Every structure is written in C-alpha cells, then in structure tokens.
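Letter by letter, the chains look like this.
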Amino acid sequence: MTCVIGVKFKEVGKMYYFDPNGEELNVGDYVIVETSRGIECGKVFMANRELSDDKVTSPLKKLIRKATEADMKTLAENHKKEKKAFEICEQKIKQHNIQMKLVNVEYTFDNNKILFYFTADGRVDFRELVKDLAYVFRTRIELRQIGVRDEAKMLGGLGICGRPFCCKTFLGDFQPVSIKMAKEQGMSLNPVKISGTCGRLMCCLKYEQDVYSSLLKTTPKIGAIVDTPDGKGNVVDLNLITGTLTVSLHKSPNAAAHTYDVSQVKVIKDAQIKLDRSEIEKLKKLEKD
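Residues numbered from 1 in each chain as written. Predicted model: local features only at pLDDT ≥ 70, side-chain atom pairs only at ≥ 80, totals over all residues. Heavy atoms only, no water.

Caption draft 1: View of the pairing of strand E1 (residues 2-8). Counting buried residues in E1 gives five out of seven residues, a clear majority hidden from the surface. Relative to strand E4 (residues 38-51), E1 runs antiparallel, the two being bridged by six bridges. Bridging from a neighbouring strand, Cys3 pairs with Glu50 of E4. Summarising the sheet, E1 and strand E2 (residues 16-18) pair through three bridges and their orientation is antiparallel. Each bridged residue has a counterpart across the sheet, and for Ile5 the counterpart in E2 is Phe18. (Buried < 20%, exposed > 50% of the residue type's maximum accessible area, 1.4 Å probe, protein only. Helix = DSSP H or I, 4+ residues; strand = E, 2+ residues; numbered from the N terminus. Pairing = 2+ DSSP bridges.)

Listed below in structure tokens is the structure:
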C-alpha cells in the first residue's frame, strides 16, 4: 500500500497522485508540487489515502510544500500576467497573419514556461511567432494546438439544455461519442439537435448510452413484428424511457396505430437499428475531436 494525495490543477480535470511527504492534507488545501511541466500549484481533491501499489505509477513525485500566502499571491499574479500575455499574443498573431485562434494562456507557477492554446484548421507554421513571443517574455514558450471540444471545456458556456457545459462542470475526460448512439437513443439525426456548442456530438449521449443499451435489449425496435392483445402488427414508433410502443396492426393497416406498454406485446421478429451510408457521411464530422 502507498499513501497518496490527489491533486488537480484545474477544477474540472484529471487528478494526479503525489507522495504527501509526511504532511497531513485536507481537501481544498493548495499545494506546491513538481510536475512534467515544472513546479506547479494545485488543489487537493483527495486527502491522504492508502492505495494499492498497482493503482499508483511509481516513482511518485513528493509534495514540495503546502502553499503559503506568498504562493497564493504568486498564483494570483500569474493569472493577471496570463491576461496580458493573451493580448500580446493576439497582436503578434495578427502581425504574422497566421490563421489560428488563441483560446487560452497559462503560466507555469515558477514562470519557467508560458503555454498558449489555440485552434486552427490543419497544421500551422508558428515558428516565427514563437521566436517573437520568446523575445518579448524572455522565457520558454509552448504553442499547443487543441480541438474544438477542448476549447469549449476551457471557455465554458451554456448548452442547449440551458445548463453550463458538462465538460466545464464535471466531465474530467472526453469519451468517444458516435452517431450510432444518437440513432439508438431515438434522436433526430439533425446536426443542430445532436451537437453541442462546440459543433461535435453532445457528450451527454455517451453517459446516457448504457441505459438505452439496456432498454434496447428488452424493447422491440422500430420495424419489429409483434403480437399484441389486438393481433399482430409492426412497431412504427417507441419511447424507450416510458416503455410504450406504437403499433400498426396487420388487420387494419390504414387505421390509426395503437399504443401498448412493452409488457403487453410479444416479439415475433425483432428489427435492427441501422445507419445509412449517406447518414454516416453527412454526420461524420460531428464525431471528430
């Protein structure tokens, strides 16, 4: 067993384990640790805890110290510097006429590096821009290209549901989302209906998928032939959440369809959920990161 603390460097981000170095820490404490980016200030999200050795990547980096008042002032000053660096970088991008959009700027705690996050269509030659920024800031410069989902996570906003973005509030990592999930959940394959503000498939499709997959195992699909209390028919519509089916009866195909609970019908021949090639091609871009 190994004693660790869990530290995050962003409110909604990955948690990293560190050796507490004999210190007793509480959730919410700020700490100074060494990372692959250099010395950083992070927030404790998991207090001292014993974990089995197979869950910990060795060797663990040790806690340097609990953050002091001076450290917190440095952190606040860095945030101010980031805003100024953002303005300067935007000016330099215009001067070099580079087709890229600056999204965010981060200073490492020790000021040994400044990271500039940007989006762009395809590859961008920013070598001259890096030289220019290094001359202005007199420190190491790193430009990092990110995807539109990462951009949404950094900037935040409101989704079509009216709530703050899931990726900004509680989703630590992005999970692959597919058009098939939207199809299985009975959603209209209209890009406006199934994509988020970032222009990619909504993340909520992923974490709701397990429920829909489970319900699909016990619910006849659209096109299935079923036996109802009123005779045989084809399922023409369904609501997986309520468990209701709309069935067109074979004996009266031109009459209004009947509604049944899934417990009232027996499946004679189930159908399959298929995606047309045209649908896949049309919506393929929505699956990209």
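Now, onward.
Caption draft 2: Seen up close, the side chain of Thr119. Here Thr119 lies in strand E7 (residues 113-119). Since its relative accessible area comes to 11%, Thr119 is described here as buried. Here Thr119 is in contact with Met100, Lys101, Val103, Ile146, Gly147 and Glu151, once residues within four sequence places are set aside. (Contact = heavy atoms within 4.5 Å.)

Caption draft 3: Representation of helix H1 (residues 69-96) in the model. Compared with the 40 Å implied by 1.5 Å per residue over 28 residues, the 40 Å span of H1 between its first and last C-alpha is a close match. The set of residues buried in H1 consists of Asp71, Leu75, Asn78, Glu82, Ala85, Ile88, Cys89, Lys92 and Ile93. The inward-facing, buried residues of H1 contact strand E3 (30-35), E4, strand E5 (63-66), strand E6 (101-107), E7 and helix H2 (127-137). Once H1 finishes, Asn97 follows within two positions and takes phi at roughly 55 degrees, a positive value. (Expected span 1.5 Å × (residues − 1).)

Caption draft 4: Spotlight on the sheet that holds E7. With mixed pairing, the three strands of this open sheet are ordered in space as E6-E7-E8. Of all the strands in the sheet, the pair left with one neighbour each is E6 and strand E8 (140-145). Adjacent strand axes in the sheet meet at a mean angle of 20 degrees when their direction is disregarded. The pairing of E6 with E7 spans six bridges and is classified as antiparallel. If you follow Leu102 over to E7, its bridge partner there is Phe118. Its contacts with the sheet place helix H3 (residues 148-155) against E6 and E7, and it is angled at close to 55 degrees to E6. (Axes fitted to C-alpha atoms, helices over the stretch in contact; angles between N-to-C directions.)

Caption draft 5: Representation of the side chain of Asn78 in the model. By the element assignment, Asn78 lies in helix H1. For Asn78, the contacting residues outside a window of four places in its chain are Tyr107, Thr108, Phe109 and Asn111.

Caption draft 6: Main features of the sheet that holds strand E12 (residues 258-261). Read across the open sheet, the five strands follow the order E12-E11-E10-E9-E13; overall the sheet is antiparallel. The outermost strands of the open sheet, each flanked by one partner alone, are E12 and strand E13 (266-269). Between one strand axis and the next, the sheet turns by 45 degrees as a mean value, whatever way the strands run. Here four bridges tie strand E11 (residues 244-249) to E12, and the two strands are oriented antiparallel to one another. Paired with Thr244 across the strands is Asp261, a residue of E12.

Caption draft 7: Quick peek at unusual backbone geometry. Even without being glycine, Asn97 reaches a positive phi, approximately 55 degrees. Secondary-structure assignment places Asn97 in the loop between H1 and E6. With a phi angle near 65 degrees, Asn111 is a residue other than glycine that sits in the positive phi range. One can find Asn111 in the loop between E6 and E7. Residue classification places Asn111 among the partly exposed positions, given a relative accessible area of 23%.

Caption draft 8: Molecular detail of H2. Taken as a whole, H2 has its buried residues at Leu129, Asp132, Leu133 and Phe137. Projected down its long axis, H2 shows its buried positions confined to an angular sector of 115 degrees, all on one face. Those residues of H2 that are exposed and aimed more than 90 degrees away from the buried face are Arg127, Lys131 and Tyr135. Tucked inside the fold, the buried residues of H2 contact H1, E6, E7 and E8. Looking at the residues trailing H2, positive phi occurs at Arg138, about 55 degrees. (Arc of directions from axis to C-beta.)

Caption draft 9: Summary view of the environment of Val124. Considering the arrangement of structural elements, one finds Val124 in the loop between E7 and H2. Put simply, Val124 and Ile98 are 26 residues apart on the chain and 7.6 Å apart in space, counted from C-alpha to C-alpha. In contact with Val124, not counting residues within four places along its chain, are Ile98, Gln99, Met100 and Phe118.

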